[in-house]
Amino acid sequence: MTRPAFLLLTVVACVLGTATAAACGCGLDVPLALGATALAVLAHAAGNVLNDLHDARNGADAANQQGIFPFTGGSRLIQTGVVSERQTAELATALLVFLVPAGLLLAVKAGGGVLLLGMVGLALAWAYSAPPLKLVSRGLGELTVALVWFLVVVGADYVQRRHFFPIPAWVALGFAQLVAALLLINGFPDADADAQVGKRTLVVRLGPVRACALYAVLVLGAHLWLVVGVWLLVPPTQALWGLVSLPFSLAAAAWLAWYVRQPARLKPALVLSVAAVLLHGLGLAAGFAQLARLH
């Protein structure tokens, strides 16, 4: 129910945030880094469970016959009778109940900013799919997840640095754009089912052609953002290792454009999109790690 394979995205975001702090000479508190990563992963898991629960309640997953497992269409555990809606709700509640005191403990160790970031992140994870806000159904899902993973990178940096800083925020914005692009392309196979139940995601609202164009804008914008940042001397030159993801993003955009009206054939583009996000984060982290070794 927690979609464990996709939790790697949050791990990479935390690695990136930890690396930006270490590169600035802030040191590396390994226990705090591991604790922050564990909490972020559990928050991501809680968000996944909540999404499964509300997609079961609104009928989106039951109506979805074109989803590309495991990338889209939810975990399918409720639909196949492996778990009930009640059990799913209980798991989400248990994760959230654990996260609150654990987050408070982390805030005591790392500073009050962690508490602020955690509260905003959990609120966005809940509002993403839960009524009355149901942000994903209002075409705001991509913006919501971009904000969440922006906060994860900034938060991992804050845990080490103990204050906010512009460099992690700059690289987090590019990373967040690729996360938004990943959610956008995942919406193509689910669009028909989402439309049937009134879940008006961005793909449903824009249609496949315009959504495809937006995907290209997001992935190109993310890499251009990094190049411009290095040119402006915000992140260091070593951060250009993040461009390792560009060929994967371009290949995904090309595949999506070719099969934009055949969502059942988009699995290679989904795989490339996941790879692009992970490689972008790891490439950036590797670049910052080079600077950290100098300290």
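Since the structure is predicted, the reported quantities are computational estimates derived from the model, not experimental observations.

Q: I'm lost on the packing of helix α4 (residues 85–110) against helix α5 (residues 112–129) in this one. Help?
A: Two elements in contact, α4 and α5, have axes separated by 7 Å at closest approach and are oriented at 155°. It follows that α4 is roughly antiparallel to α5 by the angle criterion. From α4, Leu 96, Leu 99, Leu 104, Leu 106, Ala 107 and Ala 110 reach across to α5, where they touch Gly 112, Val 114, Leu 115 and Leu 122. Residue composition of the contact of α4 with α5, grouped by class: nine nonpolar, one polar and no charged.

Q: Can you help me understand the nonpolar core in this one?
A: In a soluble, globular protein the nonpolar side chains are often hidden away together inside. Counting 64 residues, the largest nonpolar core has Trp 149, Phe 175, Ile 185, Phe 188, Tyr 215 and Phe 288 as its most contacted members. It is helix α7 (residues 166–196) that contributes the most residues to this core, 14 residues altogether. If we ignore the near neighbours within four places in the chain, the residues touching Phe 188 are Val 203, Pro 208, Ala 211, Cys 212, Leu 256, Val 260, Pro 263 and Leu 266. Core analysis: the next-biggest nonpolar cluster, separate from the first, contains 19 residues, Ala 45, Ala 92, Leu 95 and Leu 106 among them.

Q: Is there a simple way to think about the packing of aromatic side chains in this case?
A: Aromatic ring pairs are reported here in terms of the distance separating the ring centres and the angle at which the planes meet. One pass over the structure, following the stated rule, counts four aromatic pairs. When the ring of Phe 6 is compared with that of Phe 71, the centres are 6.1 Å apart and the planes differ by 75°; the resulting orientation is edge-to-face. Of this pair, Phe 6 sits in the segment before α1 (8–23) while Phe 71 sits in the loop between α3 (60–63) and α4, placing them 65 residues apart in sequence. Ring geometry for Trp 255 against Tyr 259: centres 5.1 Å apart, planes inclined by 45°, an arrangement best described as tilted. Note on Tyr 259: relative accessible area 12%, which makes it buried.

Q: How should the confidence of the model for the protein chain be read in this particular structure?
A: Detailed reading of the predicted coordinates is not advisable wherever pLDDT is low. When pLDDT is averaged along the protein chain, the result is 92, and 99% of the positions lie at 70 or above. Within the protein chain, no element has a lower average pLDDT than α3, which sits at 78, and none a higher one than helix α10 (residues 246–258), at 98.

Q: Looking at this structure, how should I read the packing of helix α6 (residues 141–161) against α7?
A: Two numbers describe a pair of packed helices, the interaxial angle and the distance between the axes. Orientation of α6 relative to α7, taken along the N-to-C sense of each, is 145°, at an axis distance of 8 Å. Crossing hand, α6 versus α7: right-handed. Across the interface between the two elements, Gly 141, Glu 142, Val 145, Ala 146, Trp 149, Phe 150, Val 153, Val 154, Asp 157 and Arg 161 from α6 touch Pro 168, Ala 169, Ala 172, Leu 173, Phe 175, Ala 176, Val 179, Ala 180, Leu 183 and Leu 184 from α7. When the residues that make up the contact of α6 with α7 are grouped by side-chain class, the tally is 16 nonpolar, one polar and three charged.

Q: In this structure, what is going on with unusual backbone geometry? I would like to understand it.
A: Peptide bonds are mostly trans, and most non-glycine residues show a negative phi. Look at the link from Pro 131 to Pro 132: it is a cis peptide, with omega at 10°. Inspection of the secondary structure puts Pro 132 in the loop between α5 and α6. Of note, the phi angle at Lys 134 is positive, near 45°, even though the residue is not glycine. Tracing the chain through its elements places Lys 134 in the loop between α5 and α6. Its identity as a non-glycine residue notwithstanding, Leu 233 has a phi of 65°, on the positive side. With respect to the secondary-structure elements, Leu 233 resides in the loop between α9 (208–231) and α10.

Q: How do you make sense of a positive patch on the surface when you look at a structure like this?
A: Together, Lys 134, Arg 138, Arg 200 and Arg 205 give the surface a local cluster of positive charge. Note on Arg 205: relative accessible area 35%, which makes it partly exposed.

Q: Can you walk me through helix α2 (residues 30–57) in this structure?
A: An α-helical segment advances 3.6 residues per turn. Residues three or four places apart therefore align on the same side. Here α2 spans 41 Å end to end across 28 residues, near enough to the 40 Å set by a 1.5 Å rise per residue. The element α2 is largely enclosed, with a buried count of 20 among its 28 residues. Two to three positions downstream of the cap, the backbone nitrogen of Leu 32 sits 3.2 Å from a side-chain oxygen, assigning the N-cap of α2 to Asp 29. Backbone geometry just downstream of α2 places Gly 59 in the positive-phi region, at approximately 85°.

Q: Any chance you could explain the pattern of salt bridges here in plain terms?
A: Opposite charge on two side chains allows them to pair when their charged atoms are near. Across all of its chains, the model carries four salt bridges by this definition. In this structure, Glu 90 engages Arg 86 in a salt bridge whose closest nitrogen and oxygen atoms are separated by 3.2 Å. Taken together, the residues Glu 90 and Arg 86, both in helix α4 and four residues apart, mark about one turn of the helix.

Q: Teacher, can you tell me more about the environment of Lys 109 here?
A: Here Lys 109 lies in helix α4. For the pair Lys 109 and Val 12, spaced 97 residues apart in the sequence, the C-alpha separation amounts to 22 Å. With sequence-adjacent residues up to four places away left out, Lys 109 is seen in contact with Leu 32 and Arg 162.

Q: Please explain the state of the cysteines as it appears in this structure.
A: Each disulfide consists of one covalent bond between the sulfur atoms belonging to two cysteines. Counting across every chain of the model gives zero disulfides. No disulfide involves Cys 14; its sulfur sits 17 Å from that of Cys 26, the nearest cysteine. Assessed through its relative accessible area of 2%, Cys 14 is described here as buried. With no disulfide of its own, Cys 24 lies closest to Cys 26 among cysteine sulfurs, the gap being 5.6 Å. Assessed through its relative accessible area of 32%, Cys 24 is described here as partly exposed.

Criteria and thresholds
- Residues numbered from 1 in each chain as written.
- Predicted model: local features only at pLDDT ≥ 70, side-chain atom pairs only at ≥ 80, totals over all residues.
- Heavy atoms only, no water.
- Axes fitted to C-alpha atoms, helices over the stretch in contact; angles between N-to-C directions.
- Helix = DSSP H or I, 4+ residues; strand = E, 2+ residues; numbered from the N terminus.
- Parallel < 35°, antiparallel > 145°, perpendicular 65-115°, else oblique.
- Contact = heavy atoms within 4.5 Å.
- Nonpolar A, V, L, I, M, F, W, Y, C, P; charged D, E, K, R; others polar.
- Core = buried A, V, L, I, M, F, W, Y, C linked by side-chain atoms within 4.5 Å.
- Buried < 20%, exposed > 50% of the residue type's maximum accessible area, 1.4 Å probe, protein only.
- Phe/Tyr/Trp six-rings, centres within 6.5 Å; stacked < 30°, edge-to-face > 60°.
- pLDDT = per-residue confidence, 0-100.
- Left-handed = near helix turned anticlockwise from the far one by under 90°.
- Patch = residues over 30% accessible without salt bridge, like charges linked within 9 Å, V, L, I, M, F, W, Y side chains within 5 Å.
- Areas by Shrake-Rupley, 256 points an atom, 1.4 Å probe, with all protein chains shown as cover.
- Salt bridge = Lys/Arg side-chain N within 4 Å of Asp/Glu carboxyl O.
- Lys, Arg positive; Asp, Glu negative; His and termini not counted.
- Charge placed at Lys NZ, Arg CZ, Asp CG, Glu CD.
- Expected span 1.5 Å × (residues − 1).
- Polar contact = N/O pair within 3.5 Å; in protein donor to acceptor, adjacent residues only side chain to side chain.
- Disulfide = S-S within 2.5 Å.

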